[in-house]
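Examining the three-dimensional arrangement
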Amino acid sequence: MSERKVLNKYYPPDFDPSKIPKLKLPKDRQYVVRLMAPFNMRCKTCGEYIYKGKKFNARKETVQNELYMGLPIFRFYIKCTRCLAEITFKTDPENTDYAMEHGATRNFQAEKLIEEEEKRITQEREEEELNNPMKVLENRTKDSKMEMEVLENLQELKELNQRQAQVDFEGMIDRYRELERQEKEREKEEDERETKEMLDRALVKRLRDSDSDSGSEKEEESLQPNKSSTDKPTDILTTDRSTEAQGTSSGGVKRAKVESWERSVGTLGGRGALGSLVVRKKPAATINKPSPVTAAAAAAATATSQTDPKASTADSETASKPVTTQNGSSSLSLLGAYSDSDSNDSE
C-alpha cells in the first residue's frame, strides 16, 4: 500500500517532460487572495473609513508592461465594506510601500510627505556640492555655526533651570534623616507599649490564679480542721479506723464487725482526707427475730427455773451451749440479745 504523504514521485524510464501539454493561460489572469489593508484609506463614494489591518478577499493580477528593475508590479482589487465600491491599489517596490490607484484616498500621509521633502532637499544639496567647491565650504561653515548656536542655547536653558530651581540638596538629606529618626522612635515606643501591655495582662492573670488557689486551699482547711500538717498520706489507713473505734466504744453502741480487707487496707468512707470524696451508705438497724424453737426453749427454761433449781441449773448449762438453728444463727447470741433487750426495757 502506498504512502499517503510522499515526497518523491515515481518517474518511469520512458518519461519525457516535453510531451506534457502546457496550459495556455492568459497573462493578465486574476487570483483570489486573502490580504489586509496596507494603510488607512477613505472611500470616495460613501466616505467610509477603512483602517489599516482590515481583512479582505481581494483579486490579484500582474500589471502589464510595468516593471521596476525587473520586478513585476501587482494590482489588488477590494470592495468597500459599506457601499461595495471597487478600490484598487498596487505595489511600489521603489519606496517599499503601496500606492493608491483608484476608488479611495490615502489618509495620514504627513510623515510620508515630510520624508519625501527631506529626501528632495538632501538630493539638491548633493547636486550643488558636486560641481561647486565653494558651495561645499559655505555649507560646512553654516552647519558649524548652527551647531554652536544650538549648544549655546542648551547651556542657557540649563543655567536658567538651575537659577529657578534653587534646590537645597543638603536640606533635603537632613529632612529625610530627621523623618527616618522619628519613624524609628515611634516604632520603638509602640513596641515598648505593646510589651508593657502583655506583661500587665500576664500579671493580672497570675494574680487571679493565685487568688483562686488560695480560696480553694481555705475551703479545704475549713472542711478538714483537725488535720495536722505533719500527717502522712498513709496515716488515713490507721487514724480513721482508730478514731472510729474510740467513738463507738465511748458511746456505748455496739460496733459492726470489721472485715479483714478493711482492717488491712482501710476504708474510703471515714472522716479522713478521702471522706469528703466517698459517702458511705449507713446500714439500717436490724433486729434479729428469734425462731420459734428458740423462743419455746427459752420459755421452758424460765418455767423450770421457777419450779426446780437443779433443773434450772442444768437448763442454764444447756442454754449456755451454742445451738444452731435452721437459718445458721447461733441460739446463744440470740439469747444474749434477748437478755440485753429485757434489761433495757426494765431500765
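Fair warning: this is a prediction, and the values are worked out from it, not measured in the lab.

1. What about the overall build of the chain?
For the chain, the helix and strand inventory stands at 8 helices and 8 strands. For the chain, buried positions account for 12% of its 347 residues. Taking contacts inside the chain between residues at least 6 apart in sequence as the whole, the part at least 24 apart equals 40%. When the accessible area of the chain is evaluated, it comes to approximately 30,300 Å², of which 54% is carbon and sulfur surface.

2. A few points about a negative patch on the surface
A cluster of acidic residues, Glu187, Glu189, Asp191, Glu192, Glu194, Glu197 and Asp200, forms a negative patch at the surface. Tracing the backbone shows Glu192 in helix 3 (residues 169-223).

3. Here's the deal with the sheet that holds strand 8 (residues 104-106)
Strand order in this open sheet of 3 strands is 3-2-8, and the pairing throughout is antiparallel. The open sheet has two edge strands, strand 3 (49-50) and strand 8, and neither has a second partner. Judged from the 3 bridges that link them, strand 2 (residues 41-43) and strand 8 form a sheet pairing that is antiparallel. Bridged to Arg42 within strand 8 is Thr105.

4. Regarding the sheet that holds strand 7 (residues 97-102)
Strand order in the open sheet formed by 5 strands is 1-4-5-6-7, and the pairing between neighbours is antiparallel. Single-partner strands in this sheet number two, and they are strand 1 (31-36) and strand 7. Each strand of the sheet is rotated relative to its neighbour by a mean of 40 degrees, with strand direction disregarded.

5. Topic: the UniProt feature "binding site: Zn(2+)" (unreviewed entry) in the chain
Per the UniProt record, "binding site: Zn(2+)" (unreviewed entry) is found at Cys43, Cys46, Cys80 and Cys83. In sequence the annotated residues extend across 41 residues, while in space they remain close, none of their C-alpha pairs exceeding 8.9 Å. The topology assignment puts Cys46 in the loop between strand 2 and strand 3. Not counting chain neighbours up to four residues away, the residues in contact with Cys46 comprise Cys80, Arg82 and Cys83. Secondary-structure assignment places Cys83 in the loop between strand 5 (71-79) and strand 6 (86-92). The residues contacting Cys83, other than those within four sequence positions of it, are Cys43, Thr45 and Cys46.

6. Thoughts on the confidence of the model for the chain
A low pLDDT score tells you not to read the predicted coordinates there in detail. Per-residue confidence for the chain averages 75 on the pLDDT scale, and 60% of its residues sit at or above 70. This stretch, residues 309-316, has a pLDDT under 50; its non-local contacts, to residues over four places away or in other chains, come to 5 contacts. Here residues 318-335 is a poorly scored stretch, pLDDT under 50, and it has 20 contacts once near neighbours within four places are set aside; other chains count.

7. Notes on the nonpolar core
Soluble globular proteins tend to bury their nonpolar side chains together. With 15 residues, the main nonpolar core has Leu35, Met41, Ile50, Ile78, Ile87 and Phe89 as its most contacted residues. Elements supplying a minimum of two residues to this core: strand 2, strand 4 (55-68), strand 5 and strand 6. Every residue in contact with Ile87, bar those within four places of it in the chain, is listed here: Met41, Ile50, Phe76, Tyr77, Ile78, Cys80, Met100, His102, Gly103 and Ala104.

8. Quick look at the state of the cysteines
In protein structure, a disulfide is the covalent linkage between the sulfur atoms of two cysteines. Enumeration over the complete set of coordinates arrives at 0 disulfides. The structure places no disulfide on Cys46, whose sulfur is separated from the nearest cysteine sulfur, that of Cys83, by 3.5 Å. Here Cys83 falls in the partly exposed class, since its relative accessible area comes to 30%.

9. Thoughts on unusual backbone geometry
Even without being a glycine, Asn65 presents a positive backbone phi close to 60 degrees. Tracing the backbone through its elements, the reader meets Asn65 in strand 4. Located in the positive-phi region is Met69, a residue other than glycine, with phi close to 50 degrees. Taking relative accessible area as the criterion, Met69 reaches 71% and is therefore assigned exposed.

10. Observations regarding the pattern of salt bridges
Overall, the coordinates contain 15 salt bridges when judged by the stated rule. Note that Glu86 and Arg59 form a salt bridge whose closest N and O atoms lie 2.4 Å from each other. A residue pair is termed long-range when its members are at least 10 positions apart, and Glu86 in strand 6 and Arg59 in strand 4 qualify at 27 residues. Residue Arg59 is classed as partly exposed on the basis of its relative accessible area, which comes to 28%. Here Arg106 and Asp97 are joined by a salt bridge, their closest N and O atoms 3.2 Å apart.

11. Topic: the packing of aromatic side chains
One pass over the structure, following the stated rule, counts 6 aromatic pairs. Their ring planes at 55 degrees and their centres at 5.2 Å tell us that Tyr11 and Phe15 sit as a pair that is tilted. Overall, the relative accessible area of 54% leaves Tyr11 in the exposed class. Judged by relative accessible area, Phe15 falls into the partly exposed class, the value being 38%.

12. A few points about the side chain of Thr91
Secondary-structure assignment places Thr91 in strand 6. Exposure remark for Thr91: the relative accessible area of 19% places this residue in the buried category.

13. Describing the pairing of strand 6
When you tally the buried positions in strand 6, you get 6 out of 7 residues, the bulk of the element. Of the strand pairs in this sheet, strand 5 and strand 6 are connected by 5 bridges, and their pairing is antiparallel. Paired with Phe76 across the strands is Phe89, a residue of strand 6. Linking strand 5 back to strand 6 in an antiparallel pair, the connection comprises 6 residues, with Leu84 at a positive phi of about 60 degrees. Pairing of strand 6 with strand 7, which is carried by 5 bridges, proceeds in the antiparallel orientation.

Here is what the cut-offs are and how they apply
- Residues numbered from 1 in each chain as written.
- Predicted model: local features only at pLDDT ≥ 70, side-chain atom pairs only at ≥ 80, totals over all residues.
- Heavy atoms only, no water.
- Helix = DSSP H or I, 4+ residues; strand = E, 2+ residues; numbered from the N terminus.
- Buried < 20%, exposed > 50% of the residue type's maximum accessible area, 1.4 Å probe, protein only.
- Contact = heavy atoms within 4.5 Å.
- Areas by Shrake-Rupley, 256 points an atom, 1.4 Å probe, with all protein chains shown as cover.
- Patch = residues over 30% accessible without salt bridge, like charges linked within 9 Å, V, L, I, M, F, W, Y side chains within 5 Å.
- Salt bridge = Lys/Arg side-chain N within 4 Å of Asp/Glu carboxyl O.
- Lys, Arg positive; Asp, Glu negative; His and termini not counted.
- Charge placed at Lys NZ, Arg CZ, Asp CG, Glu CD.
- Pairing = 2+ DSSP bridges.
- Axes fitted to C-alpha atoms, helices over the stretch in contact; angles between N-to-C directions.
- UniProt positions renumbered as here; feature names shortened; annotations may be inferred.
- pLDDT = per-residue confidence, 0-100.
- Core = buried A, V, L, I, M, F, W, Y, C linked by side-chain atoms within 4.5 Å.
- Disulfide = S-S within 2.5 Å.
- Phe/Tyr/Trp six-rings, centres within 6.5 Å; stacked < 30°, edge-to-face > 60°.

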